Amino acid sequence: MTRPKPVPGRLLTPSPRVLTNRQVPWAASHLQLRRRSRYSVLAQLGFRIAIMAALLALIIGFHWIERDSLKDNYDNSISFADILYFTMISATTTGYGDIVPITERARLFDALIVTPIRIFFLLILAGTAYSFFIKRLWDRYLMRQLQKGLSDHIIVAGFGSSGSEAVAELVARGSEPSSLVVIDCDEEALAQAHAYGCMVLQGDATRDATLQAVHVERARALLVTAGRDDTSILVCLTARHLAPDLAITVSVRASDNELPARAAGATTVINPVSFAGLLMAGSAQGSGVSDYLADLASAHGRVQLRERRVTSEEIGQPLAAITTGLGLRILRGDEAVSFEDPGACTLRAGDRIIELFGEGAPGHRGQASQGSALPA
(Lines give C-alpha, C1' and ligand atoms only; values in the text may rest on other atoms or scores of the structure.)
Protein backbone atom coordinates (compact mmCIF):
# COMPACT_ATOMS: atom_id res chain seq x y z
CA MET A 1 0.00 0.00 0.00
CA THR A 2 1.56 3.25 -1.14
CA ARG A 3 1.72 6.30 1.06
CA PRO A 4 -0.28 9.39 0.09
CA LYS A 5 1.50 12.25 -1.58
CA PRO A 6 2.88 14.64 1.04
CA VAL A 7 0.84 17.78 1.54
CA PRO A 8 1.80 21.06 3.19
CA GLY A 9 2.33 20.37 6.87
CA ARG A 10 -0.12 21.20 9.62
CA LEU A 11 1.21 21.07 13.15
CA LEU A 12 -1.31 19.57 15.57
CA THR A 13 -1.53 20.03 19.31
CA PRO A 14 -0.94 17.11 21.64
CA SER A 15 -3.94 15.06 22.64
CA PRO A 16 -5.00 15.53 26.26
CA ARG A 17 -5.00 11.75 26.66
CA VAL A 18 -1.45 10.43 27.14
CA LEU A 19 -0.73 6.74 26.70
CA THR A 20 2.43 5.28 28.19
CA ASN A 21 2.02 1.69 27.09
CA ARG A 22 3.59 0.45 23.90
CA GLN A 23 0.37 -0.25 22.03
CA VAL A 24 -2.31 2.37 21.40
CA PRO A 25 -5.65 0.79 22.40
CA TRP A 26 -7.92 1.55 19.47
CA ALA A 27 -11.52 0.71 20.31
CA ALA A 28 -13.59 -0.79 17.53
CA SER A 29 -15.97 2.16 17.68
CA HIS A 30 -13.05 4.53 16.92
CA LEU A 31 -11.88 2.70 13.80
CA GLN A 32 -12.62 4.56 10.60
CA LEU A 33 -11.79 3.51 7.06
CA ARG A 34 -10.69 6.63 5.19
CA ARG A 35 -8.95 7.62 2.04
CA ARG A 36 -7.85 10.92 0.65
CA SER A 37 -10.40 12.68 -1.56
CA ARG A 38 -9.78 12.32 -5.27
CA TYR A 39 -11.21 15.81 -5.88
CA SER A 40 -9.35 19.08 -5.50
CA VAL A 41 -10.53 21.88 -3.23
CA LEU A 42 -11.97 23.81 -6.18
CA ALA A 43 -13.80 20.70 -7.41
CA GLN A 44 -15.36 20.14 -3.97
CA LEU A 45 -16.40 23.80 -3.80
CA GLY A 46 -17.89 23.61 -7.31
CA PHE A 47 -19.80 20.45 -6.37
CA ARG A 48 -21.44 22.22 -3.43
CA ILE A 49 -22.35 25.21 -5.57
CA ALA A 50 -23.87 22.88 -8.19
CA ILE A 51 -26.08 21.23 -5.56
CA MET A 52 -27.32 24.61 -4.37
CA ALA A 53 -27.99 25.74 -7.95
CA ALA A 54 -29.95 22.55 -8.70
CA LEU A 55 -32.13 23.01 -5.62
CA LEU A 56 -32.76 26.66 -6.48
CA ALA A 57 -33.73 25.63 -10.02
CA LEU A 58 -36.24 23.14 -8.56
CA ILE A 59 -37.86 25.83 -6.41
CA ILE A 60 -37.88 28.37 -9.25
CA GLY A 61 -39.49 25.84 -11.60
CA PHE A 62 -42.28 24.97 -9.17
CA HIS A 63 -43.00 28.61 -8.30
CA TRP A 64 -43.12 29.56 -11.99
CA ILE A 65 -45.50 26.75 -12.84
CA GLU A 66 -47.64 27.56 -9.80
CA ARG A 67 -47.28 31.35 -10.10
CA ASP A 68 -51.06 31.74 -9.88
CA SER A 69 -50.76 30.37 -6.34
CA LEU A 70 -48.69 33.39 -5.31
CA LYS A 71 -49.92 36.90 -4.51
CA ASP A 72 -47.83 40.08 -4.82
CA ASN A 73 -49.15 42.57 -2.26
CA TYR A 74 -47.35 45.40 -4.09
CA ASP A 75 -48.79 45.31 -7.65
CA ASN A 76 -50.87 42.07 -7.76
CA SER A 77 -48.73 40.87 -10.68
CA ILE A 78 -46.25 37.94 -10.62
CA SER A 79 -43.40 38.21 -13.13
CA PHE A 80 -40.38 35.93 -13.58
CA ALA A 81 -38.28 38.49 -11.69
CA ASP A 82 -40.78 38.21 -8.84
CA ILE A 83 -40.34 34.40 -8.92
CA LEU A 84 -36.54 34.75 -8.69
CA TYR A 85 -36.87 37.24 -5.86
CA PHE A 86 -39.38 35.14 -3.91
CA THR A 87 -37.29 31.98 -4.39
CA MET A 88 -34.08 33.55 -3.11
CA ILE A 89 -35.83 35.17 -0.15
CA SER A 90 -37.68 31.95 0.72
CA ALA A 91 -34.56 29.78 0.38
CA THR A 92 -32.38 31.99 2.57
CA THR A 93 -34.81 33.62 5.03
CA THR A 94 -38.42 33.29 6.10
CA GLY A 95 -39.50 36.02 3.67
CA TYR A 96 -40.72 39.61 4.01
CA GLY A 97 -44.46 39.09 3.39
CA ASP A 98 -44.59 41.14 0.17
CA ILE A 99 -45.12 37.96 -1.88
CA VAL A 100 -47.03 35.12 -0.20
CA PRO A 101 -48.45 31.73 -1.21
CA ILE A 102 -52.23 31.76 -1.16
CA THR A 103 -53.12 28.18 -2.12
CA GLU A 104 -52.79 25.03 -0.02
CA ARG A 105 -50.44 23.38 -2.54
CA ALA A 106 -48.06 26.34 -2.58
CA ARG A 107 -48.03 26.59 1.21
CA LEU A 108 -47.34 22.86 1.59
CA PHE A 109 -44.47 23.12 -0.91
CA ASP A 110 -42.93 25.99 1.01
CA ALA A 111 -43.41 24.21 4.35
CA LEU A 112 -42.24 20.71 3.35
CA ILE A 113 -39.72 21.41 0.57
CA VAL A 114 -38.46 24.98 0.78
CA THR A 115 -37.94 25.02 4.58
CA PRO A 116 -35.71 21.87 4.64
CA ILE A 117 -33.81 23.24 1.64
CA ARG A 118 -33.31 26.53 3.52
CA ILE A 119 -31.79 24.62 6.46
CA PHE A 120 -29.65 22.58 4.06
CA PHE A 121 -28.38 25.80 2.45
CA LEU A 122 -27.34 27.16 5.83
CA LEU A 123 -25.46 23.94 6.61
CA ILE A 124 -23.69 23.99 3.22
CA LEU A 125 -22.74 27.65 3.57
CA ALA A 126 -21.53 27.24 7.15
CA GLY A 127 -19.67 24.02 6.33
CA THR A 128 -18.04 25.55 3.27
CA ALA A 129 -16.95 28.63 5.19
CA TYR A 130 -15.50 26.45 7.96
CA SER A 131 -13.81 23.89 5.68
CA PHE A 132 -12.20 26.28 3.22
CA PHE A 133 -11.68 29.47 5.18
CA ILE A 134 -12.21 29.49 8.96
CA LYS A 135 -10.53 26.14 9.62
CA ARG A 136 -7.45 27.05 7.56
CA LEU A 137 -7.07 30.40 9.28
CA TRP A 138 -7.50 28.76 12.68
CA ASP A 139 -4.96 26.02 11.83
CA ARG A 140 -2.42 28.61 10.73
CA TYR A 141 -2.93 30.57 13.93
CA LEU A 142 -2.52 27.44 16.08
CA MET A 143 0.59 26.40 14.17
CA ARG A 144 2.21 29.80 14.72
CA GLN A 145 1.45 29.56 18.44
CA LEU A 146 2.90 26.05 18.65
CA GLN A 147 6.01 27.05 16.73
CA LYS A 148 6.70 29.85 19.20
CA GLY A 149 7.00 27.32 22.02
CA LEU A 150 9.07 24.74 20.14
CA SER A 151 12.45 24.48 21.84
CA ASP A 152 14.60 21.65 23.20
CA HIS A 153 12.18 19.15 21.65
CA ILE A 154 12.85 15.77 20.04
CA ILE A 155 11.83 15.25 16.41
CA VAL A 156 10.97 11.77 15.15
CA ALA A 157 11.00 11.56 11.35
CA GLY A 158 8.96 8.49 10.45
CA PHE A 159 6.40 6.76 12.68
CA GLY A 160 6.69 3.18 11.48
CA SER A 161 7.56 0.24 13.73
CA SER A 162 10.90 1.72 14.81
CA GLY A 163 9.61 5.26 15.21
CA SER A 164 6.61 4.20 17.30
CA GLU A 165 8.83 2.05 19.53
CA ALA A 166 11.22 4.98 19.96
CA VAL A 167 8.36 7.30 20.99
CA ALA A 168 6.98 4.71 23.43
CA GLU A 169 10.43 4.25 24.97
CA LEU A 170 11.02 8.00 25.27
CA VAL A 171 7.67 8.41 27.05
CA ALA A 172 8.48 5.47 29.33
CA ARG A 173 11.82 7.10 30.20
CA GLY A 174 10.09 10.24 31.36
CA SER A 175 9.99 12.48 28.29
CA GLU A 176 6.87 14.63 28.08
CA PRO A 177 4.84 13.53 25.02
CA SER A 178 4.24 17.22 24.23
CA SER A 179 8.01 17.62 23.75
CA LEU A 180 8.00 15.05 20.92
CA VAL A 181 7.24 16.07 17.34
CA VAL A 182 6.47 13.32 14.83
CA ILE A 183 6.79 13.90 11.07
CA ASP A 184 5.22 11.45 8.64
CA CYS A 185 3.29 11.41 5.37
CA ASP A 186 0.73 8.86 6.51
CA GLU A 187 -2.39 10.15 8.27
CA GLU A 188 -3.02 6.89 10.13
CA ALA A 189 0.51 6.87 11.55
CA LEU A 190 0.10 10.48 12.66
CA ALA A 191 -3.23 9.63 14.31
CA GLN A 192 -1.46 7.03 16.45
CA ALA A 193 1.34 9.49 17.33
CA HIS A 194 -1.25 12.12 18.21
CA ALA A 195 -2.96 9.63 20.54
CA TYR A 196 0.30 9.29 22.45
CA GLY A 197 0.20 13.05 23.07
CA CYS A 198 2.85 14.02 20.51
CA MET A 199 2.69 17.01 18.22
CA VAL A 200 2.45 15.79 14.64
CA LEU A 201 3.18 17.26 11.24
CA GLN A 202 2.15 15.69 7.94
CA GLY A 203 4.87 16.34 5.42
CA ASP A 204 8.07 15.19 3.74
CA ALA A 205 11.01 15.35 6.18
CA THR A 206 13.51 15.48 3.30
CA ARG A 207 12.38 19.02 2.47
CA ASP A 208 13.78 22.13 4.12
CA ALA A 209 10.34 23.69 4.66
CA THR A 210 9.10 20.71 6.67
CA LEU A 211 12.04 20.69 9.07
CA GLN A 212 11.99 24.47 9.34
CA ALA A 213 8.30 24.28 10.29
CA VAL A 214 9.24 22.26 13.40
CA HIS A 215 12.27 24.47 14.14
CA VAL A 216 14.87 21.75 13.73
CA GLU A 217 17.57 24.29 14.62
CA ARG A 218 16.10 24.57 18.15
CA ALA A 219 15.57 20.83 18.68
CA ARG A 220 17.47 18.71 21.18
CA ALA A 221 17.68 15.66 18.93
CA LEU A 222 16.39 14.20 15.65
CA LEU A 223 15.55 10.49 15.31
CA VAL A 224 15.30 9.40 11.67
CA THR A 225 13.41 6.17 10.92
CA ALA A 226 12.09 6.78 7.43
CA GLY A 227 11.85 3.07 6.51
CA ARG A 228 14.24 3.40 3.55
CA ASP A 229 17.97 3.95 3.95
CA ASP A 230 18.24 6.43 1.08
CA THR A 231 15.34 8.49 2.46
CA SER A 232 16.78 8.43 5.97
CA ILE A 233 20.18 9.61 4.71
CA LEU A 234 18.54 12.40 2.72
CA VAL A 235 16.61 13.53 5.83
CA CYS A 236 19.90 13.54 7.71
CA LEU A 237 21.58 15.67 5.02
CA THR A 238 18.69 18.14 5.04
CA ALA A 239 18.69 18.43 8.83
CA ARG A 240 22.45 18.75 9.11
CA HIS A 241 22.71 21.80 6.85
CA LEU A 242 19.82 23.44 8.75
CA ALA A 243 21.14 22.55 12.23
CA PRO A 244 24.93 22.00 12.23
CA ASP A 245 25.09 21.15 15.96
CA LEU A 246 22.00 18.94 16.20
CA ALA A 247 22.30 15.39 17.58
CA ILE A 248 20.99 13.15 14.78
CA THR A 249 20.32 9.43 15.14
CA VAL A 250 19.68 7.51 11.91
CA SER A 251 18.39 3.96 11.56
CA VAL A 252 19.68 2.06 8.50
CA ARG A 253 19.08 -1.56 7.53
CA ALA A 254 22.03 -2.20 5.23
CA SER A 255 25.51 -2.20 6.71
CA ASP A 256 26.81 -0.60 3.48
CA ASN A 257 24.79 2.51 4.32
CA GLU A 258 26.26 3.08 7.77
CA LEU A 259 29.26 4.98 6.37
CA PRO A 260 27.13 7.17 4.02
CA ALA A 261 24.84 7.96 6.95
CA ARG A 262 27.79 9.16 9.03
CA ALA A 263 29.10 11.12 6.05
CA ALA A 264 25.66 12.76 5.79
CA GLY A 265 26.11 14.11 9.31
CA ALA A 266 24.56 11.46 11.55
CA THR A 267 25.81 11.59 15.12
CA THR A 268 24.68 8.02 15.79
CA VAL A 269 23.93 5.26 13.26
CA ILE A 270 21.87 2.27 14.37
CA ASN A 271 21.50 -0.91 12.36
CA PRO A 272 18.58 -2.88 13.83
CA VAL A 273 19.38 -5.87 11.62
CA SER A 274 22.94 -6.11 12.95
CA PHE A 275 21.77 -5.64 16.52
CA ALA A 276 19.20 -8.40 16.11
CA GLY A 277 21.97 -10.63 14.79
CA LEU A 278 24.07 -9.92 17.88
CA LEU A 279 21.18 -10.86 20.15
CA MET A 280 20.53 -14.06 18.24
CA ALA A 281 24.22 -15.02 18.35
CA GLY A 282 24.32 -14.37 22.09
CA SER A 283 21.22 -16.49 22.64
CA ALA A 284 22.96 -19.47 21.01
CA GLN A 285 25.03 -19.86 24.19
CA GLY A 286 22.10 -19.22 26.50
CA SER A 287 19.15 -16.88 26.79
CA GLY A 288 20.63 -14.90 29.66
CA VAL A 289 22.88 -12.63 27.55
CA SER A 290 20.20 -11.59 25.08
CA ASP A 291 17.63 -11.10 27.86
CA TYR A 292 20.06 -8.93 29.81
CA LEU A 293 20.87 -6.81 26.75
CA ALA A 294 17.18 -6.30 26.07
CA ASP A 295 16.75 -5.40 29.74
CA LEU A 296 19.48 -2.78 29.43
CA ALA A 297 17.90 -1.20 26.35
CA SER A 298 14.40 -0.87 27.81
CA ALA A 299 13.14 1.63 30.37
CA HIS A 300 11.03 -1.17 31.85
CA GLY A 301 14.08 -3.26 32.79
CA ARG A 302 15.59 -3.55 36.27
CA VAL A 303 18.87 -2.09 35.01
CA GLN A 304 19.46 0.54 32.35
CA LEU A 305 22.28 2.16 30.44
CA ARG A 306 22.43 5.94 30.55
CA GLU A 307 24.69 8.56 29.02
CA ARG A 308 25.12 11.81 30.93
CA ARG A 309 27.51 14.71 31.36
CA VAL A 310 29.95 14.72 34.24
CA THR A 311 28.97 17.00 37.12
CA SER A 312 31.20 19.65 38.65
CA GLU A 313 31.48 17.60 41.87
CA GLU A 314 32.80 14.60 39.94
CA ILE A 315 35.60 16.43 38.10
CA GLY A 316 38.99 15.13 39.25
CA GLN A 317 37.59 11.91 40.68
CA PRO A 318 38.03 8.45 39.12
CA LEU A 319 35.19 6.87 37.16
CA ALA A 320 34.85 4.21 39.85
CA ALA A 321 33.96 6.87 42.44
CA ILE A 322 30.67 8.00 40.90
CA THR A 323 27.67 7.39 43.16
CA THR A 324 24.85 7.31 40.63
CA GLY A 325 25.59 3.87 39.23
CA LEU A 326 28.33 1.72 37.78
CA GLY A 327 30.58 3.70 35.41
CA LEU A 328 31.43 1.75 32.27
CA ARG A 329 32.94 4.22 29.81
CA ILE A 330 33.98 7.84 29.40
CA LEU A 331 33.37 9.68 26.15
CA ARG A 332 36.10 12.33 25.92
CA GLY A 333 35.74 14.18 22.65
CA ASP A 334 36.05 11.53 19.92
CA GLU A 335 37.81 9.11 22.28
CA ALA A 336 36.12 6.31 24.22
CA VAL A 337 37.89 5.60 27.54
CA SER A 338 37.06 2.28 29.19
CA PHE A 339 36.80 1.97 32.99
CA GLU A 340 40.09 0.01 33.17
CA ASP A 341 42.09 2.52 31.10
CA PRO A 342 44.46 4.94 32.90
CA GLY A 343 42.42 7.87 31.57
CA ALA A 344 39.47 6.72 33.69
CA CYS A 345 41.33 7.67 36.87
CA THR A 346 40.46 11.34 36.47
CA LEU A 347 37.18 12.74 35.21
CA ARG A 348 37.47 15.99 33.28
CA ALA A 349 35.10 18.83 32.49
CA GLY A 350 33.15 18.07 29.31
CA ASP A 351 33.36 14.29 29.75
CA ARG A 352 30.28 12.18 29.18
CA ILE A 353 29.76 9.08 31.27
CA ILE A 354 28.06 5.87 30.23
CA GLU A 355 26.82 4.23 33.39
CA LEU A 356 24.74 1.28 34.47
CA PHE A 357 22.03 2.27 36.92
CA GLY A 358 18.84 0.90 38.39
CA GLU A 359 17.78 -1.40 41.21
CA GLY A 360 19.65 -4.34 39.78
CA ALA A 361 22.84 -2.49 38.82
CA PRO A 362 26.04 -3.60 40.57
CA GLY A 363 27.44 -0.84 42.76
CA HIS A 364 24.26 1.24 42.52
CA ARG A 365 24.32 3.77 45.33
CA GLY A 366 21.93 6.45 44.17
CA GLN A 367 18.76 7.14 42.37
CA ALA A 368 18.83 10.00 39.89
CA SER A 369 21.92 11.43 38.27
CA GLN A 370 22.96 14.93 39.21
CA GLY A 371 24.03 15.54 35.65
CA SER A 372 21.70 16.23 32.81
CA ALA A 373 20.79 13.13 30.85
CA LEU A 374 21.51 13.16 27.14
CA PRO A 375 18.96 11.91 24.58
CA ALA A 376 19.22 8.24 23.80
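The model shown is predicted, which means the values in this text are computed figures rather than measured ones.

A count of helical and extended segments in the protein chain gives ten helices and twelve strands. In the protein chain, which comprises 376 residues, the proportion classed as buried is 39%. In the protein chain, 68% of the contacts between residues at least 6 apart in sequence involve partners at least 24 apart. If you sum the accessible surface of the protein chain, you get close to 21,800 Å²; carbon and sulfur atoms cover 59% of it.

Turning our attention to the pattern of salt bridges. Inspection of the entire model under this criterion finds eight salt bridges. Taking the shortest distance from any N to any O, the salt bridge between Arg105 and Glu66 comes out at 2.9 Å. Taken together, the positions of Arg105 in helix H3 (residues 104-148) and Glu66 in the loop between helix H1 (41-65) and strand S1 (70-72) put the pair 39 residues apart, joining distant regions of the chain. Using a relative accessible area of 55% as the deciding quantity, one classes Arg105 as exposed. A salt bridge links Glu314 to Arg308; its shortest N-O distance comes to 2.7 Å. Here Glu314 and Arg308 have matching classes, each one buried. Because the salt bridges share partners, they merge into one network encompassing Arg308, Glu314 and Glu355.

So, on to the packing of aromatic side chains. Following the criterion strictly, the structure yields three aromatic pairs and no others. For the ring pair Phe62 and Phe109, a centre distance of 3.7 Å and an interplane angle of 15° mean the geometry is stacked. Remark: Phe109 occurs in helix H3 and Phe62 occurs in helix H1; sequence separation between them is 47 residues. Phe109 sits in the buried class, given a relative accessible area of 11%. Above the ring of Trp64, the side-chain terminus of Arg67 is found at 4.1 Å from the ring centroid.

Attention now goes to the nonpolar core. Ranked by internal contacts, the top residues of the largest apolar core, which has 31 residues, are Leu222, Ile248 and Val250. When residues of this core are traced back to their parent elements, those giving at least two are H3, strand S3 (154-157), strand S4 (180-184), strand S5 (199-202), helix H6 (208-213), strand S6 (221-224), helix H7 (229-242) and strand S7 (247-251). In contact with Leu222, other than residues within four places in its own chain, are Ile155, Ala157, Ala239, Leu246, Ala247, Ile248 and Thr249. Counting 16 residues, the second largest nonpolar core, distinct from the first, contains Val156, Val167, Ala168 and Leu170.

Quick look at the confidence of the model for the protein chain now. Here the protein chain averages 78 in pLDDT, and 80% of its residues register 70 or above. Here residues 1-8 is modelled with pLDDT under 50, and outside its nearest four sequence neighbours on either side it reaches twelve contacts, counting other chains as well. Here residues 13-35 is a poorly scored stretch, pLDDT under 50, and it has 40 contacts once near neighbours within four places are set aside; other chains count.

Turning next to a nonpolar patch on the surface. On the surface, a nonpolar cluster with roughly 370 Å² of combined accessible area is contributed by Leu58, Leu108, Leu112 and Ile113. Considering each element in turn, the nonpolar patch owes the most residues, three residues, to H3. By the element assignment, Leu108 lies in helix H3. A residue is classified by how much of its surface remains accessible, and Leu108, at 45% relative accessible area, is partly exposed.

In space, the six strands of this open sheet follow the order S5-S4-S3-S6-S7-S8, with parallel pairing throughout. The sheet is open, and its two edges are formed by S5 and strand S8 (268-270), each paired on a single side. The average angle at which neighbouring strand axes cross in this sheet is 15°, direction not considered. Alignment of S6 against S7, held across four bridges, turns out to be parallel. Its bridge partner lying in S7, Leu222 is registered against Ile248. On top of the sheet, helix H4 (residues 161-172) reaches S3, S4 and S6; it is set at about 175° to S4, its chief contact.

With that out of the way, let us pick up helix H5 (residues 187-196). Side chains three or four residues apart in an α-helix point the same way, a direct result of the helix having 3.6 residues per turn. By the burial criterion, the buried members of H5 are Ala189, Leu190, Ala193, Ala195 and Tyr196. Next to the buried residues of H5 lie H4, S4 and S5. The positive-phi residue at the C-terminal boundary of H5 is Gly197, with phi of around 105°.

Basis of the calculations
Residues numbered from 1 in each chain as written. Predicted model: local features only at pLDDT ≥ 70, side-chain atom pairs only at ≥ 80, totals over all residues. Heavy atoms only, no water. Helix = DSSP H or I, 4+ residues; strand = E, 2+ residues; numbered from the N terminus. Buried < 20%, exposed > 50% of the residue type's maximum accessible area, 1.4 Å probe, protein only. Contact = heavy atoms within 4.5 Å. Areas by Shrake-Rupley, 256 points an atom, 1.4 Å probe, with all protein chains shown as cover. Salt bridge = Lys/Arg side-chain N within 4 Å of Asp/Glu carboxyl O. Phe/Tyr/Trp six-rings, centres within 6.5 Å; stacked < 30°, edge-to-face > 60°. Lys NZ or Arg CZ within 6 Å of the ring centre and 35° of its normal. Core = buried A, V, L, I, M, F, W, Y, C linked by side-chain atoms within 4.5 Å. pLDDT = per-residue confidence, 0-100. Patch = residues over 30% accessible without salt bridge, like charges linked within 9 Å, V, L, I, M, F, W, Y side chains within 5 Å. Pairing = 2+ DSSP bridges. Axes fitted to C-alpha atoms, helices over the stretch in contact; angles between N-to-C directions.

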